[in-house]
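Structural overview for review
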Amino acid sequence: MQRTRVHNFSISLDGFAAGEPQSLETPFGHAGQRLHQWMIATRFWSEQGADGVDNAFALRHSDGIGAEIMGANKFGPPGWADDPNWRGWWGENPPFHTPVYVLTRHERPSLEMEGGNVFHFIKASPAEALATAKQAAGELDVRIGGGATVVRDFLAAGLIDHLHLVVVPIVLGRGARLWDGLEEIQDGFDVETVSSPSGVVHLTFTRSA
């Protein structure tokens, strides 16, 4: 059965997935890369990286994924929609290798890139976007790529089957927060916790049967 999954989604101790202000020069605002240092240190990220707990979790990111849904702020910095030449952060061969559906109020023609990456820019509700992505994914799963607002909206709509969060031991105080409006969300999931020697904690939420 097709599932809707979130992987490697890093948040601070106070629940922020990005700082502020976000810009071309500072995609994660005042958080910098501190939320993602755990992943940058893994073999998943680089051949020079390490194996271990973090790498094992990071590797699950791409297993069995047939399409991705992401928010406009993941595709580019504020104002990217006004630049017809903006093609995302990742160069000509982005790391998704699937159809990607970018949720935005500024629709534009689909963007085909190397490696099987095709970006579609759509204005849709979470349920509508997921139905489209599931059809494109075939028998494979759909990944919700973020940012925090998109993951929160899909959780609030009851559309997430598997949620992997990485709690990083920093306090940001401001930015894009995941948990707002999701009181008692844990009640619909089986929750597992794994601590890593790197200092992060991996939380896995699997929808209860």
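Use the structure listed above.
Predicted, not measured: the structure shown is a model, and the values here were computed from it.

**Focus on the overall build of the chain**
For the chain, the count of helices and strands is 5 helices and 11 strands. Counting only residues that meet the buried cut, the chain has 44% of its 209 residues in that class. Sequence-distant contacts in the chain: of pairs separated by 6 or more residues, those separated by 24 or more amount to 65%. Roughly 10,400 Å² of accessible area belongs to the chain as shown, and the carbon and sulfur atoms make up 52% of that amount.

**Description of the environment of Gly88**
As for its placement among the helices and strands, Gly88 is situated in the loop between α3 (72-75) and β4 (99-103). Take Gly88: its relative accessible area is 14%, and that puts it in the buried class. Each C-alpha atom of the pair Gly88 and Phe75 lies 5.3 Å from the other, and the pair is 13 residues apart in sequence.

**Some words on the sheet that holds strand β11 (residues 201-207)**
Spatially, 9 strands are ordered β5-β6-β4-β3-β7-β1-β8-β11-β10 in an open sheet, and the strand pairing comes out mixed. Each edge of the open sheet carries a strand with a single partner, namely β5 (111-112) and β10 (189-195). The sheet contact formed by strand β3 (residues 65-71) and strand β7 (residues 141-146) spans 5 bridges and is parallel. Looking across to β7, one finds that Ile69 is bridged to Ile144. Taken strand by strand, helix α4 (residues 126-137) contacts β1 (4-12), β3, β4, β6 (118-122) and β7, and its axis lies near 155° from that of β3. In the packing of helix α5 (residues 148-156) onto the sheet, contacts are made with β1, β3, β4, β7, β8 (162-168) and β10, and the angle to β7 comes to roughly 135°.

**Notes on the packing of aromatic side chains**
One pass over the full model with this rule turns up 11 aromatic pairs. Aromatic pair Trp179 and Phe205: ring centres 6.2 Å apart, planes at 45°, arrangement tilted. Here Phe205 lies in strand β11 and Trp179 lies in the loop between β9 (176-177) and β10, a separation of 26 residues in the sequence. Judged by relative accessible area, Trp179 falls into the partly exposed class, the value being 24%.

**Some words on the pattern of salt bridges**
For the structure on display, the rule yields 9 salt bridges. Residue Arg43 pairs with Asp51 through a salt bridge whose shortest N-O separation is 3.5 Å. Residue class for Asp51 comes out exposed when judged on its relative accessible area of 53%. Close ionic contact of Glu68 with Lys74 constitutes a salt bridge, the shortest N to O distance being 3.0 Å. Classification of Glu68 by relative accessible area gives buried; the value is 0%. Residues joined in a network through salt bridges with shared partners are Arg3, Arg5 and Asp141.

**Considering α4**
The end-to-end C-alpha distance of α4, which contains 12 residues, comes to 16 Å, matching closely the 16 Å that a straight helix rising 1.5 Å per residue would cover. Every buried residue belonging to α4 is among Ala129, Leu130, Ala133 and Ala137, and all of these are buried. Along α4, the residues classed as buried sweep out an arc of 95° about the axis, all on the same side. Looking at the buried positions of α4, the neighbouring elements they touch are β1, β3, β4, β6, β7 and α5. With its phi angle positive at about 70°, Gly138 sits one or two positions after the end of α4.

**Overview of the pairing of β11**
Sheet analysis places β8 next to β11, joined by 6 bridges and oriented antiparallel. Pairing of Val167 across the sheet is with Val201, part of β11.

**Concerning the nonpolar core**
One finds Phe9, Ile69, Ile144 and Phe154 to be the most contacted residues of the largest nonpolar core, which totals 31 residues. Every element with two or more residues in this core is listed here: β1, β3, β4, α4, β7, α5, β8 and β11. Per element, the largest residue contribution to this core is 5 residues, and it comes from α5. Discounting chain neighbours no more than four positions away, the residues touching Phe9 are Ala17, Gly146, Gly147, Ala148, Val151, His164, Leu165, Val166 and Leu178.

Procedures and definitions
- Residues numbered from 1 in each chain as written.
- Predicted model: local features only at pLDDT ≥ 70, side-chain atom pairs only at ≥ 80, totals over all residues.
- Heavy atoms only, no water.
- Helix = DSSP H or I, 4+ residues; strand = E, 2+ residues; numbered from the N terminus.
- Buried < 20%, exposed > 50% of the residue type's maximum accessible area, 1.4 Å probe, protein only.
- Contact = heavy atoms within 4.5 Å.
- Areas by Shrake-Rupley, 256 points an atom, 1.4 Å probe, with all protein chains shown as cover.
- Pairing = 2+ DSSP bridges.
- Axes fitted to C-alpha atoms, helices over the stretch in contact; angles between N-to-C directions.
- Phe/Tyr/Trp six-rings, centres within 6.5 Å; stacked < 30°, edge-to-face > 60°.
- Salt bridge = Lys/Arg side-chain N within 4 Å of Asp/Glu carboxyl O.
- Expected span 1.5 Å × (residues − 1).
- Arc of directions from axis to C-beta.
- Core = buried A, V, L, I, M, F, W, Y, C linked by side-chain atoms within 4.5 Å.

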